[in-house]
Amino acid sequence: MLACSKKCLIQLAWVHKLNQINRHLLHDLSNYLTGVLTLSELYCEYPTSESLVEGLDIIKKNALKSRDLLTLLAQLNHPQVTTPTYVDLQSLLQNLQPIIQAILPSNAHFEIKYTFKPPLPLLWGTSYIVQQIFLQLICNAGEAVQTVPKPSVTLSIDPTDHAIQCTLYDNGKGFPKNFEQQLFQPFYTSFSDPQHLGLGLFSIKEYLSMQGGHIQVEPCDGGTCIRFSFNTLSM
C-alpha cells in the first residue's frame, strides 16, 4: 500500500506541474497567434504596404514557433517512450529549451554549462521521467526568482566514471536553513502560495532513487544550489 501511495503522490506532483507548464506554453502560443492575426489583418487592409515583406517574414516565424509549441505540448501530454533506455541528456535538454524559456521569467538569464569534452555519456533511464525531473526543478527555480531584479538560473553538467552530476543554481529565494531533510518530505513546501503541493522534491528524489541517482539541496548565499545525479550504467 505504501508503494502505491508513493506512486499516486508522484503522479499527482507531475500532473500539478504539467498543468502549470501547459499554461506557460499556451500563453506563449497565444502571443504568437495574436501576432500572426494582427499582421494578417493589417496587410489585408493595406496590401501594398512597404513593410509587407518584413511583416510576412514575422508571420512566418510566428507560425513556425506556434507549430513547434504545439509539438511540444503534444509530446509533454502524450509521451511516446515510457520504458527505460539510454538517454542522450544533451539532446534532451536542447529540446527542452523552449519550455524552459517559457517557464522562467522573461527577464531571466538561463545558461547550461557542460564541463566535459563531447560526447556526453548516455544515461540509463526513462526519457519522460528524466524530462519531468528537470522541468519540475526549473519550475521551482522560476518561482524562486520571480521577485529578483536580475534573475539567473544556471545548470551545470559534469560526467564522472559512472554517473552524470548535475547542479542547478538560482539566485532567488533560498530555502530555510536546517530544513534540507524536510524538503523531501511529502507536502512540505517553503513557498507560501497555497497552489504549492509540496510534492515536487519528494517525487524527484523517488525517481532518482529508482534509477540509482541521488539529490541534495544546499542553501547558499543569494540563492539555492541543488545537486543531483543520474546513473550511466546499464541496468
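Everything here concerns the structure above.
So, here is what we can say about the structure in this document. (Residues numbered from 1 in each chain as written. Predicted model: local features only at pLDDT ≥ 70, side-chain atom pairs only at ≥ 80, totals over all residues. Heavy atoms only, no water.)

Overview of the overall build of the chain
Short version of the rule: A run of H or I in DSSP becomes a helix once it reaches four residues, and a run of E becomes a strand once it reaches two; helices and strands are each numbered from the N terminus. Exposure was quantified through the Shrake-Rupley algorithm and a 1.4 Å probe, taking into account, for residues, occlusion by the shown protein chains and nothing else.
When you go through the chain residue by residue, the secondary structure sums to five helices and seven strands. The helix and strand sequence of the chain, counted from the amino end, reads α-α-β-α-β-β-α-β-β-α-β-β. Surface accessibility of the chain: about 13100 Å² in total, with carbon and sulfur atoms responsible for 56%.

Thoughts on the side chain of Lys17
As a reminder of what qualifies: Relative accessibility decides the category of a residue: with a 1.4 Å probe and only protein chains considered, values under 20% of the type maximum give buried, values over 50% give exposed, and everything between is partly exposed. Here the positive residues are Lys and Arg and the negative ones are Asp and Glu; neither His nor the chain ends is included. Salt bridge, as used here: a side-chain nitrogen of Lys or Arg that lies within 4 Å of a carboxyl oxygen of Asp or Glu. We call two residues contacting when some pair of their heavy atoms lies within 4.5 Å.
Structurally, the position occupied by Lys17 is in helix H1 (residues 2-45). Despite being buried, Lys17 has no salt bridge partner; Glu143 is the closest side chain of opposite charge, sitting 4.6 Å away. What Lys17 contacts, discounting residues up to four positions off in sequence, is Gln136, Cys139 and Asn140.

Looking at the environment of Pro151
By secondary structure assignment, the location of Pro151 is in the loop between helix H4 (127-144) and strand S4 (152-159). The spacing of Pro151 and Asp170 is 19 residues in sequence and 7.6 Å in space, taken between C-alpha atoms. Residue contacts for Pro151: discarding those within four places in its chain leaves Asn107, Ala108, His109, Val145 and Asn171.

Re the pattern of salt bridges
Under the counting rule described, the total for this entry stands at three salt bridges. Here Lys61 makes a salt bridge to Asp57, at a shortest N to O gap of 3.4 Å. In this pair, Lys61 and Asp57 both sit in helix H2 (residues 52-77), four residues apart, roughly one turn of the helix. Looking at Asp57, the relative accessible area reads 35%, which means it is partly exposed. Residue Glu218 pairs with Arg227 through a salt bridge whose shortest N-O separation is 3.0 Å. Residue Glu218 is classed as partly exposed on the basis of its relative accessible area, which comes to 25%.

Focus: the packing of H4 against helix H5 (residues 200-210)
The cut-off we apply is this: Note on geometry: axes are C-alpha line fits, over the in-contact stretch for helices, and angles between N-to-C directions span 0 to 180 degrees. Roughly parallel here means an angle under 35 degrees, roughly antiparallel means over 145, roughly perpendicular means 65 to 115, and every remaining angle is called oblique. By convention, the crossing between two helices is left-handed when the near helix turns anticlockwise from the far helix through less than a right angle, and right-handed when the turn is clockwise. The classification used treats Ala, Val, Leu, Ile, Met, Phe, Trp, Tyr, Cys and Pro as nonpolar, Asp, Glu, Lys and Arg as charged, and all other residues, Gly among them, as polar.
Running from N to C, H4 and H5 point in directions that differ by 150°, and their axes come no closer than 10 Å. Between H4 and H5, the interaxial angle falls into the category roughly antiparallel. In this structure, H4 crosses over H5, and the sense of that crossing is left-handed. Of H5, the residues touching H4 (which contributes Ile129, Gln132, Ile133, Gln136, Leu137 and Asn140) are Gly200, Leu201, Ser203, Ile204, Tyr207 and Leu208. In the contact of H4 with H5, the residues fall into seven nonpolar, five polar and no charged.

Observations regarding the side chain of Ser66
What counts here: Polar contact is the term for a pair of N or O atoms within 3.5 Å; when the atoms are in protein, one must be able to donate a hydrogen and the other to accept it, and sequence-neighboring residues count only if both atoms are side-chain atoms.
Structurally, Ser66 can be placed in helix H2. A polar side-chain atom of Ser66 sits 2.8 Å from the main-chain carbonyl oxygen of Asn62. Setting aside residues no more than four positions away along its own chain, Ser66 makes contact with Leu29, Tyr32 and Leu33.

Focus: the packing of helix H3 (residues 89-103) against H4
For the pair H3 and H4, the least separation of the axes is 10 Å and the interaxial angle reads 35°. For the element pair H3 and H4, the recorded crossing hand is right-handed. Between H3 and H4, the residues in contact are Leu89, Leu92, Leu93, Leu96, Ile99, Ile100 and Ile103 and Ser127, Val130, Gln131, Phe134, Leu135, Ile138 and Cys139, respectively. In terms of residue class, the contact of H3 with H4 is built from twelve nonpolar, two polar and no charged.

Considering the nonpolar core
This is how the line gets drawn: What is meant by a nonpolar core is a set of buried Ala, Val, Leu, Ile, Met, Phe, Trp, Tyr and Cys residues, joined one to another through side-chain atoms within 4.5 Å. Just so you know, the domain bounds were taken from an automatic or database domain assignment.
Membership of the largest hydrophobic core comes to 59 residues, with the highest contact counts inside it found for Leu89, Phe134, Leu155 and Phe228. When residues of this core are assigned to their parent elements, the largest contribution, ten residues, is made by H4. The residue makeup of this core includes at least three contributed by each of domain 1 (2-77) and domain 2 (85-231). Ignoring any residue separated from it by four or fewer positions in sequence, one finds Leu155 in contact with Leu93, Phe110, Glu111, Ile112, Lys113, Phe134, Cys166, Thr167, Leu168 and Phe228.

Points about the environment of His24
Of note, His24 is situated in helix H1. Expressed as a C-alpha distance, the spacing of His24 and Ala102, which sit 78 residues apart in the sequence, is 5.7 Å. Discounting residues that sit within four places of it in the chain, His24 has contacts with Ala102 and Ile103.

Considerations on the environment of Asp161
One can find Asp161 in the loop between S4 and strand S5 (163-170). Considered as a pair, Asp161 and Thr232 are 71 residues apart in the sequence and their alpha carbons are 8.4 Å apart.

Section: H3
Applicable threshold: To estimate the expected span of a helix, subtract one from its residue number and multiply by 1.5 Å. Working definition for bend: take the seven residues up to and ending at a residue and the seven starting at it, fit an axis to each, and measure the angle between the axes.
A rise of 1.5 Å per residue sets the reference length of H3, with its 15 residues, at 21 Å; its end C-alpha atoms lie 19 Å apart and thus fit the reference within 8%. Gln97 marks the point of greatest bend in H3, at about 45°, and the proline Pro98 comes within the next four residues. Considered for burial, the residues of H3 that qualify are Leu89, Leu92, Leu93, Leu96, Ile99, Ile100, Ala102 and Ile103.

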